[in-house]
Amino acid sequence: QVHLIESGGGSVQAGGSLRLSCLASDITFRHYTMGWFRQAPAKEREFVGSITYSGSTTTGPDSVKGRFIVSRDNDKKMAYLEMRSVKPEDTGVYYCGAVPASLGNSMVRSLYSYWGQGTQVTVSS
């Protein structure tokens, strides 16, 4: 059974940084693009960024460009989301997911095969 386990969430002040991690188990890691989504209260889950096995990244909305960086360590079956210069509007539950690389699309939530349980990020002003 595939498991994705996020960690690294918490509370941070605006302007600070946070690094989220996602550990994948029982998955053929090279077959999947790893993506990050977030969901703010009363809002839809939003694509934040993704990274293929080879390291190609897709960035999410303009609001996170230049601040959020997605990376992965294939040997450790880990994916990361580094969040810099965080803002209160970055508050939400952050989810990592795995989408088959063969689909060639990492921005559509419904295409994802697996999800983590989510980790809460709270940014205070």
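This section reports on the structure supplied with the text.

A look at the packing of aromatic side chains
Part 1: Evaluated as defined, the whole model comprises five aromatic pairs.
Part 2: Between F37 and F47, the aromatic rings sit 5.5 Å apart at their centres with planes inclined by 75°, giving edge-to-face as the arrangement. Of this pair, F37 sits in strand β4 (residues 32-39) while F47 sits in strand β5 (residues 46-51), and the two are ten residues apart along the sequence. An identical accessibility class is assigned to F37 and F47; each is buried.
Part 3: Ring plane angle 85° and centroid distance 5.1 Å describe the contact between F37 and Y112, whose orientation is recorded as edge-to-face. Of the two residues, F37 is situated in strand β4 and Y112 in the loop between β9 (92-100) and β10 (114-115); the sequence distance between them amounts to 75 residues. Side by side, F37 and Y112 carry an identical accessibility label, which is buried.
Part 4: Each member of the aromatic cluster is reached from another via a ring pair, and the members are F37, F47, Y112 and W115.
Part 5: Lying across the ring of F29, R72 places its NZ or CZ 4.2 Å from the centre.

What counts and how
- For every chain, the first residue of the written sequence is number 1, and numbering continues from 1 onward in sequence order.
- Local features are withheld for residues below a pLDDT of 70 in this predicted model, meaning they are given only at 70 or higher, and side-chain atom pairs are given and counted only at 80 or more; totals for whole chains, interfaces and linings count all residues.
- Side-chain calculation: all heavy atoms of the structure are included, whereas hydrogens and water are not.
- Pairing of aromatic rings covers Phe, Tyr and Trp, the last counted by its six-membered ring, and requires centre-to-centre distances within 6.5 Å; plane angles under 30 degrees mean stacked, over 60 mean edge-to-face, and any other angle means tilted.
- Helix and strand assignments come from DSSP, with helices taken as H or I runs of at least 4 residues and strands as E runs of at least 2, each series counted from the N terminus.
- Relative accessibility thresholds used throughout: buried, under 20% of the residue-type maximum; exposed, over 50%; partly exposed, between the two (1.4 Å probe, protein chains only).
- When the NZ atom of lysine or the CZ atom of arginine is within 6 Å of a ring's centre and also within 35 degrees of its normal, the charge is said to sit over that ring.

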